[in-house]
Amino acid sequence: MAAAHSSNAEKKIVRVDISSDTVCPWCFVGKKNLDKAIAASNEKYNFELRWHPFQLDSNAPKEGIDKKEYYIRKFGSRSEQMAARMSEVFRNVGLEYSMSGLTGNTMDSHRLIYFAGQQGLDKQHALVEELCLGYFTQGKYIGDQNFLLECAAKVGVEGAEDFLKNPNNGLEEVEDELRTYSSNIGGVPYYVINGNHKLSGAQPPEVFLRAFEVATS
């Protein structure tokens with residue numbers, strides 16, 4: 001079939017705007033499922049992915065708080081059940097969910113994601129992967145600048161140390177995006193495909209595949 005051999009120029013473009021928080025486990029599961037859907041339909045589409053900030057708790061402490069303690073405070077007796085459920089969900093995408101380490105304010109991670117996006121959307125996407133892997137599976141703290149810089153180095157983001165050193169760098173841009181993209185969203189992950197097709201929650205790959213078709217037809 002001629003279509004199977006179509007060149008890049010003939011591929012349809014799929015733009016995905018993703019709103020997420022770096023401490024939202026469902027956002028990482030959603031990313032894994034989205035990546036699967038992209039891998040399965042790369043022959044058909046050219047993808048352009050942009051990550052936008054969301055803060056589940058903008059008042060979370062900058063210095064960090066023990067993850068288990070934080071979830072017990074927030075969800076009480078349900079927290080253990082939620083952790084068990086998350087472990088199961090993560091195993092289904094080939095990951096080991098960890099409740100070790102600290103959680104806390106995600107603003108610096110969002111500033112870094114914004115900065116990575118200025119150097120290329122592929123770098124931004126790869127950075128989100130590294131941040132989530134570290135935070136959800138290795139007990140790394142999302143507010144620890146050393147961890148953020150490690151992730152930046154792994155994906156080739158240049159100048160991250162100087163950028164993060166000044167807490168005002170990228171702050172206005174992130175706050176602007178929070179207003180633009182997050183103010184009308186009830187929860188994350190949240191996806192807008194080609195500007196009009198909207199999905200929320202950690203959808204399975206087949207839902208993304210259908211959405212790509214609908215958004216490009």
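Reading guide: rules and limits
Residues numbered from 1 in each chain as written. Predicted model: local features only at pLDDT ≥ 70, side-chain atom pairs only at ≥ 80, totals over all residues. Heavy atoms only, no water. Pairing = 2+ DSSP bridges. Helix = DSSP H or I, 4+ residues; strand = E, 2+ residues; numbered from the N terminus. Axes fitted to C-alpha atoms, helices over the stretch in contact; angles between N-to-C directions. Salt bridge = Lys/Arg side-chain N within 4 Å of Asp/Glu carboxyl O. pLDDT = per-residue confidence, 0-100. Contact = heavy atoms within 4.5 Å. Buried < 20%, exposed > 50% of the residue type's maximum accessible area, 1.4 Å probe, protein only. Polar contact = N/O pair within 3.5 Å; in protein donor to acceptor, adjacent residues only side chain to side chain. Core = buried A, V, L, I, M, F, W, Y, C linked by side-chain atoms within 4.5 Å.

Colleague: Would you mind going over the sheet that holds strand E2 (residues 45-53) in detail, with residue names and values included?
Modeller: Backbone hydrogen bonds hold the strands of a sheet together, and the pairing may be parallel or antiparallel. The sheet built from four strands is open, its strands ordered E2-E1-E5-E6 with mixed pairing. Taken across any chain shown, the strands that pair with only one partner, and hence form the sheet edges, are E2 and strand E6 (197-200). Sheet twist, expressed as the average angle between the axes of neighbouring strands with direction ignored, equals 20°. Relative to E6, strand E5 (residues 190-193) is paired through four bridges, and the arrangement is antiparallel. Residue pairing in the sheet places Ile193 in a bridge with His197 of E6.

Colleague: Describe in detail the pattern of salt bridges, supporting the description with residues and values.
Modeller: Throughout the structure, instances matching the rule amount to 14 salt bridges. Between Lys154 and Glu130 there is a salt bridge, and its shortest N-O distance comes to 3.6 Å. Here Lys154, found in helix H6 (residues 145-154), pairs with Glu130, found in helix H5 (residues 121-137); they are 24 residues apart in sequence, far enough to count as distant. One network of salt bridges, with partners in common, ties together Lys31, Lys32, Asp35 and Glu129.

Colleague: Can you lay out the confidence of the model for the chain for me, pointing to particular residues and giving the numbers?
Modeller: Taken as a whole, the chain shows an average pLDDT of 94; of its residues, 96% reach a score of 70 or greater. Note that pLDDT drops below 50 for residues 1-6; the model gives that stretch two contacts with residues more than four away or on any other chain.

Colleague: If you had to explain unusual backbone geometry to someone new, which residues and values would you point to?
Modeller: Residue Pro189 follows Val188 across a cis peptide bond; omega there is 5°. With respect to the helices and strands, Pro189 occurs in the loop between helix H8 (171-182) and E5. A positive phi angle is found at Asn194, which is not glycine, with a value near 50°. Counting through the fold element by element, Asn194 comes out in the loop between E5 and E6.

Colleague: Describe in detail the side chain of Thr22, supporting the description with residues and values.
Modeller: Along the chain, the position of Thr22 falls in the loop between strand E1 (12-20) and helix H1 (25-41). The exposure class of Thr22 is buried, given its relative accessible area of 3%. Reaching out from Thr22, the side chain makes a polar contact with the side chain of Ser109 at a distance of 2.8 Å. Beyond its immediate chain neighbours, meaning those up to four positions away, Thr22 contacts Thr106, Ser109, His110, Ile113, Leu131, Tyr135, Phe136 and Ile142.

Colleague: Give a detailed account of the environment of Leu131, specifying residues and quantitative values.
Modeller: Among the secondary structure elements, Leu131 is positioned in helix H5. Judged by its relative accessible area of 0%, Leu131 is buried. Taking the C-alpha atoms as reference, Leu131 lies 7.2 Å from Thr22; in sequence the two are 109 residues apart. Excluding residues that lie within four positions of it along the chain, Leu131 makes contacts with Thr22, Ser109, Ile113, Ile142, Phe147, Leu148 and Cys151.

Colleague: I'd love a proper account of the nonpolar core, names of residues and values included.
Modeller: Core analysis: the largest hydrophobic core is formed by 57 residues, its most contacted members being Val16 and Phe212. Apart from residues no more than four positions distant in its own chain, Phe212 is found in contact with Val14, Val16, Leu34, Ala37, Ile38, Ser41, Tyr45, Phe47 and Ile193.

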